[in-house]
Amino acid sequence: YFTEKGIEIDYIFTSFVSTDRKFMNTETKLSFIKKEQIKGIVIKDYRINKLTRYVFMDVALLSTVKKALKQKKYDFIYAMTPDSSCVNKLANSMGIPCGVRLYGSFLWSTLQKKGRKNIGAYLHREIDIYNLPKSFLLTTDDGSNGEKSYEMFCENKALYDFHYWK
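Here the structure is a predicted model, which is why all the values come from computation and not from measurement.

Student: Would you take a moment to explain the environment of I77 for this structure?
Tutor: Mapping I77 onto the fold places it in strand β3 (residues 77–80). By relative accessible area, I77 is classed as buried at 11%. If we skip the residues at most four places from it in the chain, I77 touches L69, V87, A91, I96, P97, C98 and G99.

Next up, the structure:
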């Protein structure tokens, strides 16, 4: 659809699995993605503790996105998952419109189990997603109560359009 409309899309992938880098650098099985559209793959390293892993992930992801932004002018950034909170911040700082997609939310279930004060540092990224300016936030209704997380954690509902897919 997008290519038929003349829209170019480039990709930066994040993954938990180091074999994904090998897979994506050889031949992609996704027929709609050309190898030159893949601008980077950032791997989450599970051998290090969670908080340190997220710091390294943010640094690697920001470095990869900045490299792509230096090579080409982009008019929109579409980011997915809470890992993209740092990309949302970068887009804001550069004046590039940004949209974010969350495939569900861990916030609501964690809030119910542990309370707001004990959510943990690793969920701060998802809380950031709810509170950063952007063009839109799209959350999928997968039973994880993303709409309740939005209501609980988004402090300024005027920052963006919120869409909840059922």
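Student: Is there a simple way to think about the confidence of the model for the protein chain in this case?
Tutor: Regions with low pLDDT carry predicted coordinates that are not meant to be interpreted in detail. Overall, the predicted model of the protein chain reaches an average pLDDT of 84, with 89% of residues at or above 70. The least confident element of the protein chain, judged by mean pLDDT, is helix α1 (residues 19–26) at 53; the most confident is helix α3 (residues 85–94) at 95.

Student: I would appreciate a short explanation of the sheet that holds β3 in the present structure.
Tutor: In sheet architecture, strand pairing relies on hydrogen bonds along the backbone and comes in two forms, parallel and antiparallel. One open sheet holds the 4 strands; their spatial order is β3-β4-β5-β6, and the pairing between them is parallel. Each end of this open sheet is capped by a strand with a single partner; those strands are β3 and β6 (161–165). The average angle at which neighbouring strand axes cross in this sheet is 15°, direction not considered. In the sheet, β3 pairs with strand β4 (residues 98–102) via 4 bridges, with the strands oriented parallel. Looking at the pairing, I77 lines up with C98 of β4. Where helix α5 (residues 124–131) meets the sheet, it contacts β4 and β5 (136–140), and its direction lies at approximately 130° from that of β4. Taken strand by strand, helix α6 (residues 146–153) contacts β5 and β6, and its axis lies near 155° from that of β6.

What counts as what
- Residues numbered from 1 in each chain as written.
- Predicted model: local features only at pLDDT ≥ 70, side-chain atom pairs only at ≥ 80, totals over all residues.
- Heavy atoms only, no water.
- Helix = DSSP H or I, 4+ residues; strand = E, 2+ residues; numbered from the N terminus.
- Buried < 20%, exposed > 50% of the residue type's maximum accessible area, 1.4 Å probe, protein only.
- Contact = heavy atoms within 4.5 Å.
- pLDDT = per-residue confidence, 0-100.
- Pairing = 2+ DSSP bridges.
- Axes fitted to C-alpha atoms, helices over the stretch in contact; angles between N-to-C directions.

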